[in-house]
Amino acid sequence: MTLMTPPPLDQEDDEQEDDELEDDEMLVPHNDLIEGPQPMEVEDPERFTWRIENFSRVNTKKLYSDIFFLGGYKWRILIFPKGNNVDHLSMYLDVADSTILPYGWSRYAQFSLAVSNQMHYKSTVKKDTRHQFNARESDWGFTSFMPLGELYDPCRGFLVNDTCIIEADVAVRKVADYWSHDSKKETGYVGLKNQGATCYMNSLLQTLYNIPYFRKAVYHMPTTENDMPSGSIPLALQSLFYKLQYSDTSVATKELTKSFGWDTYDSFMQHDVQELNRVLCEKLEDKMKGTVVEGTIQQLFEGHHMNYIQCINVDYKSTRKESFYDLQLDVKGYKDVYASFDKYVEVERLEGDNRYHAEQYGLQINDRYEFPLQLDLDRENGKYLSPEADRSVRNLYTLHSVLVHSGGLHGGHYYAYIRPTVSDQWFKFDDERVTKEDMKRALEEQYGGEEEFPQTNPVFNNAPFKFTKYSNAYMLVYIRKSDKDKIICNVDEKDIAEHLRIRLKKEQEEKEQKRKEKAEAHLYTVLKVSHNEDLVEQIGRDIYFDLVDHEKVRSFRIQKQMPFNVFKEEVAKEFGVPVQYQRFWLWAKRQNDTYRPNRLLTSQEEAQTVGQLREVSNKANNAELKLFLEVELGKDFQPVPPPEKTKEDILLFFKLYDPFKKELRYVGRLFVKGAWKPMEILRRINKMAGFGPDEEIELYEEIKFEPNVLCGRIDKKHTFHTSQLEDGDIICFQKSSEVGSEQCCYPDVPSFLEYVHNRQVVRFRSLEKPKEDEFSLQLSKLHNYDDVVERVAHYLGLDDPSKIRLTSHNCYYQQPKPQPIKYQGVEHLSDMLIHYNQTSDILYYEVLDIPLPELEGLKTLKVAFHHATKDEVVIHTIRLPKQSTVGNVLDDLRTKVELSHPVAELRLLEVFNHKIYKIFPLNEKIESINDQYWTLRAEEQVQNFGEPFFLVIHEGETVAEVKVRIQKRLQLPDEEFAKCKFAFLSLGRPEYLEDSDVVYTRFQRRNVYGAWEQYLGLEHTDNAPKRSYAANQNGHAFGNGHAFFEKPVKIYN
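Fair warning: this is a prediction, and the values are worked out from it, not measured in the lab. (Residues numbered from 1 in each chain as written. Predicted model: local features only at pLDDT ≥ 70, side-chain atom pairs only at ≥ 80, totals over all residues. Heavy atoms only, no water.)

**Q** Tell me about the sheet that holds strand β34 (residues 775–780), residues and numbers included.
**A** An order of β34-β33-β40-β35 is seen for the four strands of this open sheet, with the pairing classed as mixed. Taken across any chain shown, the strands that pair with only one partner, and hence form the sheet edges, are β34 and β35 (804–807). Strand-to-strand twist across the sheet, computed as the mean angle between neighbouring axes with direction ignored, equals 40 degrees. Pairing analysis gives six bridges linking strand β33 (residues 759–766) to β34, with the strands arranged antiparallel. Bridging across to β34, Gln760 finds its partner in Leu779. Set on the sheet, helix α21 (residues 749–758) makes contact with β33 and β34; between it and β33 the angle comes to about 35 degrees. (Pairing = 2+ DSSP bridges. Helix = DSSP H or I, 4+ residues; strand = E, 2+ residues; numbered from the N terminus. Axes fitted to C-alpha atoms, helices over the stretch in contact; angles between N-to-C directions. Contact = heavy atoms within 4.5 Å.)

**Q** Help me get a handle on the pairing of strand β42 (residues 873–881), residues and values and all.
**A** Note that strand β41 (residues 858–866) and β42 share nine bridges and pair antiparallel. Residue pairing in the sheet places Leu858 in a bridge with Pro881 of β42. Adjacent in sequence and paired antiparallel, β41 and β42 are bridged by six residues.

**Q** Lay out the side chain of Arg583 with the relevant residues and their values.
**A** Here Arg583 shows up in strand β23 (residues 583–589). A polar side-chain atom of Arg583 sits 2.7 Å from the main-chain carbonyl oxygen of Pro643. (Polar contact = N/O pair within 3.5 Å; in protein donor to acceptor, adjacent residues only side chain to side chain.)

**Q** So, the sheet that holds strand β45 (residues 935–939): which residues are in play, and what are the values?
**A** Within a sheet, neighbouring strands are paired by backbone hydrogen bonds and run either parallel or antiparallel to one another. In spatial order, the strands read β42-β41-β45-β43-β44; together these five strands make up an open sheet with mixed pairing. Because the sheet does not close on itself, it has two edges, and the strands there are β42 and β44 (915–919). Neighbour-to-neighbour, the strand axes of this sheet turn through a mean angle of 40 degrees, independent of strand direction. Examined bridge by bridge, strand β43 (residues 907–912) and β45 share five bridges and lie antiparallel to one another. Bridged to Glu910 within β45 is Leu936. Against the sheet, helix α25 (residues 886–894) touches β41, β42, β43 and β45, its axis set at about 125 degrees to β42.

Encoded structure:
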C-alpha cells in the first residue's frame, strides 16, 4: 500500500490548477461501454484427462497432448517434462488451431491445470488462471507448475507405474474484440508494450505516470541533448512519459529497460512489482540528489512508523522511528485493510507470536479481502497514529490505483486499475490495452475469494461451477485527500526540457513518416543501384563473396508511375554520369544462391515506367529492383559511350588475391568473346592488377559459397564457352609463383576463400561474470574442441588447455546454458555456437583444477557438512569415480573435515525444501545421485537451527513434552523458542498443534526410510516491524496473499 502525502507546493496558484485540472478531465472522452469478460455462453465445463505413460523416458523438450474440444473450441496441453529453463514442470493450455484461425481472433478462458496425485487425490497439484488468448499469446499457463523433484519422486504419488495423469478444466467467455480497440480514442490514454514478461513493470509505470506530481518531477530531472535514452534512466523515463502523454499508439519500453542495464533474459523474467517500485524509487531518489527535484520521492511516498518496546519486569523503554515508502500488511485471516492496520499497531508480548508469514510454506492466499475507496487513518481517535503525529492534518486518503495480480504463486499477469484524476471514472491499464471500467470491477472484483458461474443448462441439477478468483489486488495506492490538488497537478509541454521536446518530436515525425511511407508503399518501388565504386569499396572489406552487399548501395524510392528514362535523370544527379552514358544491368539470383548481373536492360524496357519494369523483370516479386550501373571511362577518366555488346560478348568481373597480405580486392571488369581463351587476355588482366605484361598468373572461378565454398581452377587453354563462363561470372587470380608457398597460411584462392567462409570471431566470457565480454578470438567454424581450448589457453597464458571447460550461450535468455559442453561432445565450433535455430558468437569458459577428460570420468557432488557442535556449515566438493559408493564419499569427506570425535559416525542425507527425504545406504552407487535439485548433507549429530533433523517420538508424548527436548537440542533461548509454533505437515499442508496434542498418533509407522510424507514442522517468525522499502531483499513479497520466490530486481545503471 502506498500513501502519498506531499508537503504544500508553492509554485502554482490553486485556482489556476483547478481550471487546468478541469481541462484535463474534459480531454477524456466519455464512453458508457464497459469492456471485459461477459457472462458465459457454454455449458458446465468439461474435463480433459491426459494419461502419459513411460513419463520419465520422455526425452523431448516439449510435449503436446492430443487435441480436445472444450467450451466450443479446440485445445491441447503443452508441457515441458524437464522444465522450460526452470527446475519445475512447465505446463500451458494451448489453442490447437491458432495458426489457421482468422485474423484478429480472440477468446477468453478461465481454466485449471492439474497433475493428479494417484495415491492421495486430495494432494493433487491444481492451479487456476484465466487469460485472453489471441494470435500473440496463443498459449498460457505456468512455467513453474511444480518442482521436478516432487514430480519424479515415485513415493510422492504423481508418477505411478511411470504414468502421469494431467487434467484440464476449461470455461470460455465472450470478450470484446482485442485488435479493433483503439485505446487513445476510447479512453484518452495509451498502453505499454509487453517485452515478454514485463506486465508487472508496465502496471507500475502506468501508476507512476498517472501521478502528475511524480511525472512533473521526472520531466524536471536534468538531462542533455547529448544523452542517449538507453544509457540514461532519467532521459529514458522522460521519453517514456512524453510518449504516454502525446502518442496515439502503445509505447515500447525497451529504451527504459536498456537504461536499467537489462538484457533479453531480464525482460522475460517476471519480478515482484512492489520490489521493482522500491528499487526504481531508490534509484531515482539517488539520481535526483543535487537537482531541483531532490527530495521528490520522500515528499511523495515517505512516511514514518514508531516502534515502542517496554519491558514488563524491568524499568526500560525504547522508541525507534523508521521511515517507509510503502506499508506491507498481513492479510491472512483479516477481513479488510482496517483489520490489517489493527494488527499492525497492536501491542504484542515477546513470548508469543501469532503473526502469519506467507514465506513459511510458499502459500498463496486468495481469501476475500476488502479495501475501501476512502481510507480514514484518523478513525477511532487516531488509533493508528503515533502521539508525535501532526494531528492538524486530516489523514483521509482516497484510492488512486489498484495493482492487480492474476495467476498463481509462481507467476501470472499484472495489470492496474487507475483513476488518474481521482474522479468516478476508472481505467484498466493492461499492457497495450486501456479500457474504461466501473468501480465494481476495480474494487469488488479484486477482493479475491471464489467466483461462481450460474448454471447454463437448467435441465440438469448440477452444482454451480466455482473457480477460485486468481485475480487479486496486490498493491494499493492512496492519495491524501487534502493534497489531491497538489498531486493531481497540471503537466504540459512547458514542464518538458526543450531538447527533449525537440528530440521526441523528431522521433514522432520520423515514425509518422515511416507510417506514411508504409501506407503509400503500394504507390512506390525501391530501386537499388550499384556501380563500380561500390565493388571497389566493399570487396575485401565488407564482403569477400559475390560482388556487392545490396543493403549498402544507393537506394531510390520512386513512384511506380515514373518513366524509367526520367529516373535516369535522378541517377545522373546522384552519380554525375550523363544519361547518354548510362547502361543498366539487371541482377539475378542464381540457383546456387549467388547474385550476379544477368542481362542488359533493353531500350523497350527503359521506355516503360518503373513499376512496369519491376513487374516484368522481377520474377521473385520483391518490392525492390536491383540494378548495376555500367559506366565506361575514357583515357581522361571521364564517362564515354559504352561499347556495343553482342551475343558473343561476356561480362566478367575480376578479383586479385595476395596470399602474403591475405588480401582479396576487386580490380575491374572486362568484356571477352566466348570463343576466346584466357591466355589471349592475360596481358589485359595483368594490367588491371598492376603486374608486368608477362607475369604468370593462375585463374579461378568463384562459383558459390553456400553451404560450402566451390572455387575451381580455370584452364587457360580452354575457351570461355568451354569453361561455361557467362555474364556476371567472377574470376579470382593470383601470381603463379605464389601458389603453394609455404610462407603463406592460405597460399591459393580456394584455401583463402575456405578460410574466410569459416572464419568466426567468438566473444569469450568468464562463467563467473556471464554478462561481461572478456576477450575475442578469431577462430574457424571447423575447429574442434581441442583447437578452441588450445587458443583460449594461449590467450590466457595457461600451460594445460585440457583444464578449460566451455559452455554454450542460450540466445533466448541471454545467459549460459545450464550444462557445459562435454569434451569432444560436438564436432565443430559451429555446433557449439548453435542454440536451436539461432547462431551465437558467445562462449563461456572456466578454468578447472583437473583436466576435463579426467573430470568427466568422475562424479562431482557438493556436500554440506554439519558439525555436531559447530554452527558453521561448509560446502565440500567431492570427486570420485562414478562407480564409487556413498561409503567412499564419506571416507573422502573425513579427510577434508575436522570431526568432533575421531571415530564419529557420518551419514549422508537427501534434503529438499527443508525436509529430509532419504538417508543413503553406504553401498549405494553415487552415479545415480542427483544433487541438481536436492541438497546433499553429511552430518554427525545436527543441532543447527533452521536445518531439518531426526527426533524419536515416544508413544503418548505431547507437544509440550516434545518441545522441551527440541529446545534443548537446538539450544535456543527461552525468548526465541517462545516464538516457535509447531505443526503437523502431511504432503506439505500444515496443521498447527496445541501443547496438549499427542504427537505420536499423528504419524504412520514406517519400517523403511525414504521420501517421508509426514513431518513435525517448526515455524519461527520474526515479528519485528520492517522498513518496507528496504525490505524484501530476498525476493519475498507480502501483499494480498502472494509470496514469490524469484530473481531479485536489479537496476544496474
